[in-house]
Amino acid sequence: MGKSVNPDLAKARSQATFDPANLTNYLYGGPEKLRRKRYLPAFVFKELCTEMSLTDLCLIFLGLLTHVSDYLGLTLSIENMAAKEYKEEGFKSTDDMSREEAYEESMRRAVYTNKRVLQLNLQDQEEQYYFREIFVPGANPFALHYVMFKDAINTQGTEDQIQKWLPLAETYAVTGTYAQTELGHGTFLRGLETTAEYDVQREEFILNTPTITSSKFWPGALGKTANVAILNAKLITKGRNCGMQSFWVPLRHLETHQPLPGITVGDIGPKFGYHTSDNGFLQLNRVRIPRENMLMRYSKVLQDGTFVPPENDRLVYVPMTQFRFVVIGRSGWTLAKAVTVATRYSAVRRQSEITPGGGEVQILDFQTQQHKLFTQIASAYAMIIAAKAAKDLYDSAFSKMEKGNLEDLPMLHALTSSMKAFNTWEMATGVEQCRMACGGHGYLLASGIPQMYTDMVSACTYEGENTVMCLQAARFLNKCQEAANKGERLPQLTRFLQTSRLNISSSLDQDVDLNDIIAAYEFRAATVISEANARLNAGLAMGKSQSEAWNYASQLLVKAALAFSHWFTVRALIENMRGAGFDNSTETLLLQLAKLYALDGMLRYSGDFRKVG
Ligand SMILES: CCCCCCCC/C=C\CCC/C=C/C(=O)SCCNC(=O)CCNC(=O)[C@H](O)C(C)(C)COP(=O)(O)OP(=O)(O)OC[C@H]1O[C@@H](n2cnc3c(N)ncnc32)[C@H](O)[C@@H]1OP(=O)(O)O
Ligand SMILES: Cc1cc2nc3c(=O)[nH]c(=O)nc-3n(C[C@H](O)[C@H](O)[C@H](O)COP(=O)(O)OP(=O)(O)OC[C@H]3O[C@@H](n4cnc5c(N)ncnc54)[C@H](O)[C@@H]3O)c2cc1C
């Protein structure tokens with residue numbers, strides 16, 4: 001039962017000046033990865049559905065990605081399910097459900113996918129992600145389990161602890177969360193109040209949330225789903241506060257799922273988005289766990305209570321750095337989904353005339369509509385490709401860290417902090433622009449865009465509130481500027497602070513040279529970073545303390561981190577587009593898209609660029 005494609009859409013696609021397959025292969029990491037990605041939903045839907053053509057299945061798959069299918073009334077007739085537990089007649093729209101019903105529907109789908117991933121032995125993380133997203137397009141109640149809970153075990157646990165706990169997580173013998181934020185503190189981790197006091201007599205930690213503000217508050221899956229937490233608390237041993245450490249804390253009985261003694265836990269209530277994620281609260285009333293439950297890869301507590309500190313006390317923050325990197329990558333794909341919906345809609349929506357009497361045109365013919373959408377298409381590509389570029393730096397830093405070489409940790413923290421802030425702010429702005437570009441229909445939940453926004457805009461807050469993350473990156477950039485001022489050697493990533501010069505060869509009446517674009521963004525970043533450093537030093541010269549001067553310069557320091565991220569993104573986009581081995585037509589188009597992205601950025605931040613000439 002093939003579905004006819006809208007003639008306007010078909011016509012628009014037929015006018016492509018390049019072969020989309022080349023681009024799709026590049027974006028998904030090559031033809032084999034793309035084949036697998038396309039095979040998965042077809043395989044599963046074929047297994048689930050008796051009478052649907054592959055076109056329908058792909059439509060459902062693409063629609064599910066943007067929730068459209070939920071609202072087009074497409075339902076999956078689920079028969080001969082491999083997993084007998086999944087008795088659902090089809091995917092019902094969760095938008096008309098209460099929070100309880102929506103959570104249960106998402107939980108049902110998530111449990112089904114968890115079982116199928118194990119039965120299909122899907123090992124590849126990306127394939128697992130694609131597979132899950134087909135069935136749980138919104139917030140997945142197991143999100144924390146899949147990412148931060150397992151990452152914390154892998155990065156903070158000893159080999160023995162990994163051997164013991166990771167199989168439990170992989171087989172869903174336990175369901176986990178990452179419980180760090182408290183009612184009173186999310187950003188300022190040194191202010192966390194939950195304590196883990198070592199009892200040397202019984203070789204146990206006594207976990208306690210002594211105040212209402214120390215209640216754990218926000219962790220995903222804490223409300224209902226999780227029965228174990230990787231919980232961060234202030235370690236106290238031999239009367240000494242040894243800072244934040246991570247602990248494996250059972251929360252609920254593995255059979256009855258009832259809270260264990262001393263544990264008060266529940267859901268924090270309705271949120272702006274992520275309705276099917278049960279973010280929760282947790283209070284601990286002198287809960288005892290064995291000494292072996294402290295994750296001791298980097299820091300240890302010996303039987304006699306002696307604290308063995310880590311080589312670097314920031315290593316306990318590694319799970320956050322890892323997840324920031326996930327957010328950096330997913331931001332581009334989130335914008336890609338939104339702009340795909342809005343662009344397709346703009347090809348089929350006819351509204352108003354350009355030439356009086358000429359008939360209503362596709363709204364994609366309005367230059368204002370093209371500007372709204374093409375800049376977001378360019379931004380999505382820029383973020384996806386910059387994330388790929390950051391991955392090379394990320395992988396090399398992590399492999400060195402695993403061998404005990406921590407020299408790249410500051411750079412990695414600065415890069416993941418600034419790019420997480422930059423990408424999520426750009427994604428949030430872009431998704432909202434796509435929603436508005438669809439007029440009234442963009443405001444319908446059926447478009448899929450509103451939920452993308454309300455779910456994903458939280459990424460500007462979680463995993464490090466964006467302003468705070470920019471200031472973290474600015475610490476590193478400012479240190480590099482100070483070193484540059486003294487003529488010292490800089491890390492590779494910031495060497496442009498010493499070398500950037502404004503020798504632009506392009507003139508306004510010729511097509512802009514791509515190297516000039518990179519040079520302009522580099523010079524802008526170097527100038528803003530230098531200005532922030534100058535403001536900081538001006539504060540010190542006024543007699544302010546280091547922290548008061550930091551606060552005095554903080555707005556410019558945030559700008560410096562964003563200018564750095566913008567330069568990193570533009571450079572990655574242009575260099576990867578030139579070096580990707582595309583055929584001429586595809587490369588020409590992509591470099592055109594890169595210019596659009598960069599020149600649009602210059603217009604949006606024209607103050608910076610005018611100031612640096
Ligand atoms: C659209 C994308 C969708 C993606 C995915 C969707 C699916 C999942 C859906 C939902 C899941 C949501 C999950 C959310 C989880 C959470 O939110 S977990 C909690 C996250 N919390 C935070 O991030 C807290 C942020 N705060 C901090 O990290 C710290 O408090 C601080 C701000 C860094 C300050 O720390 P501190 O006061 O101790 O340190 P400073 O004095 O500022 O700096 C001291 C030095 O330490 C260095 N440092 C700090 N952090 C790190 C780090 N992580 N790694 C390495 N180094 C670090 C810092 O640079 C200082 O060094 P310096 O003195 O040399 O500059
Ligand atoms: C959807 C969602 C899911 C979450 N999931 C989890 C989870 O699974 N596990 C978990 O542990 N936590 C989770 N969190 C909590 C999240 O990590 C925190 O909300 C986040 O770290 C921000 O902290 P906060 O809420 O205390 O905000 P605050 O830090 O109080 O921010 C409020 C304002 O203060 C400003 N501010 C704070 N400090 C500074 C500073 N030093 N300089 C300048 N400005 C500053 C911020 O910029 C911001 O404008 C989640 C949050 C959300 C929204």
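Parameters and conventions
Residues numbered from 1 in each chain as written. Chains lettered and ligands numbered in written order. Predicted model: local features only at pLDDT ≥ 70, side-chain atom pairs only at ≥ 80, totals over all residues. Heavy atoms only, no water. Helix = DSSP H or I, 4+ residues; strand = E, 2+ residues; numbered from the N terminus. Rg over C-alpha atoms; globule rule 2.2 N^0.38 Å. Contact = heavy atoms within 4.5 Å. Areas by Shrake-Rupley, 256 points an atom, 1.4 Å probe, with all protein chains shown as cover. Lys, Arg positive; Asp, Glu negative; His and termini not counted. Charge placed at Lys NZ, Arg CZ, Asp CG, Glu CD. Near = heavy atom within 4 Å. Polar contact = N/O pair within 3.5 Å; in protein donor to acceptor, adjacent residues only side chain to side chain. Nonpolar A, V, L, I, M, F, W, Y, C, P; charged D, E, K, R; others polar. Pairing = 2+ DSSP bridges. Buried < 20%, exposed > 50% of the residue type's maximum accessible area, 1.4 Å probe, protein only. UniProt positions renumbered as here; feature names shortened; annotations may be inferred. Axes fitted to C-alpha atoms, helices over the stretch in contact; angles between N-to-C directions. Parallel < 35°, antiparallel > 145°, perpendicular 65-115°, else oblique. Left-handed = near helix turned anticlockwise from the far one by under 90°. Salt bridge = Lys/Arg side-chain N within 4 Å of Asp/Glu carboxyl O.

### A short note on the overall build of the protein
From N to C terminus, the protein includes 21 helices and 11 strands. Computed over its C-alpha atoms, the radius of gyration of the protein comes to 26 Å, within 12% of the 25 Å expected for a compact globule of 613 residues. Taken along its principal axes, the extent of the C-alpha atoms in the protein is 85 × 70 × 40 Å. The contacts in the protein between residues at least 6 apart in sequence include a share of 70% that link residues at least 24 apart. In the structure as shown, the protein presents an accessible area of about 27500 Å², 54% of it carried by carbon and sulfur atoms. Taken together, the 64 basic and 65 acidic charged side chains of the protein have centroids lying 3 Å from each other.

### Digging into the site of ligand 2
Near ligand 2 you find 19 residues, and of these Tyr178, Thr181, Thr187, Gly220 and Glu465 are the closest. The separation between an oxygen atom of ligand 2 and a polar side-chain atom of threonine 187 is 2.5 Å. Between an oxygen atom of ligand 2 and a main-chain N or O atom of glycine 220, the distance comes to 3.0 Å. In the complex, the protein chains occlude 63% of the 960 Å² of accessible area that ligand 2 would expose alone. For the shell around ligand 2, the residue count by class is eight nonpolar, nine polar and two charged.

### What about the sheet that holds strand β4 (residues 216–217)?
The strand order across the open sheet formed by three strands is β4-β8-β7, and the pairing between neighbours is antiparallel. Looking at which strands have only one partner, the edges of the open sheet turn out to be β4 and β7 (263–267). In terms of strand pairing, β7 meets strand β8 (residues 280–284) through five bridges, oriented antiparallel. Residue threonine 264 lies in a different strand from β8, and its bridge partner there is glutamine 283.

### Some thoughts on unusual backbone geometry
At alanine 221, a position not held by glycine, the phi torsion is positive, near 75°. Following the sequence through the fold, alanine 221 ends up in the loop between β4 and β5 (228–237). Residue classification places alanine 221 among the buried positions, given a relative accessible area of 1%. The phi torsion at arginine 286 lies on the positive side, around 50°, for a residue other than glycine. Turning to its location among the elements, arginine 286 is positioned in the loop between β8 and β9 (287–290). Residue class for arginine 286 comes out partly exposed when judged on its relative accessible area of 49%.

### A closer look at the UniProt feature "domain: Acyl-CoA oxidase C-alpha1" (unreviewed entry) in the protein
When the UniProt feature table is mapped onto this chain, "domain: Acyl-CoA oxidase C-alpha1" (unreviewed entry) is found at residues 317–477. The distance from the first to the last C-alpha atom of residues 317–477 is 20 Å, and the span holds 75% helix and 0% strand.

### Quick word on the packing of helix α1 (residues 7–14) against helix α10 (residues 318–348)
Packing of α1 against α10 leaves a shortest axis separation of 7 Å and a crossing angle of 110°. With respect to α10, the axis of α1 lies roughly perpendicular. For the pair α1 and α10, the sense of crossing is right-handed. Residues Asp8, Leu9 and Arg13 of α1 pack against Arg344, Ala347 and Val348 of α10. Taken together, the residues of the contact of α1 with α10 break down into three nonpolar, no polar and three charged.

### Remarks on the site of ligand 1
Taken together, 31 residues are adjacent to ligand 1, and Thr187, Arg314, Arg324, Arg475 and Lys479 come closest. Threonine 187 places a polar main-chain atom, nitrogen or oxygen, 2.5 Å from an oxygen atom of ligand 1. At 2.6 Å, a side-chain N or O of arginine 314 approaches an oxygen atom of ligand 1. Look at ligand 1: alone it shows 1300 Å² of surface, and the protein chains cover 84% of it. Residue assignment for the shell around ligand 1 shows that the elements contributing at least two residues are α8 (143–156), α10, α12 (409–437) and α15 (466–485). Looking at the shell around ligand 1 residue by residue, the class counts come to 14 nonpolar, 10 polar and seven charged.

### A look at the pattern of salt bridges
If you walk through the whole model with that rule in mind, you get 24 salt bridges. We note a salt bridge from arginine 314 to aspartate 313, for which the minimum N-O separation is 3.0 Å. Given a relative accessible area of 46%, aspartate 313 falls into the partly exposed group. Taken together, the shared-partner salt bridges connect Asp199, Arg202, Glu204 and Arg288 into one network.

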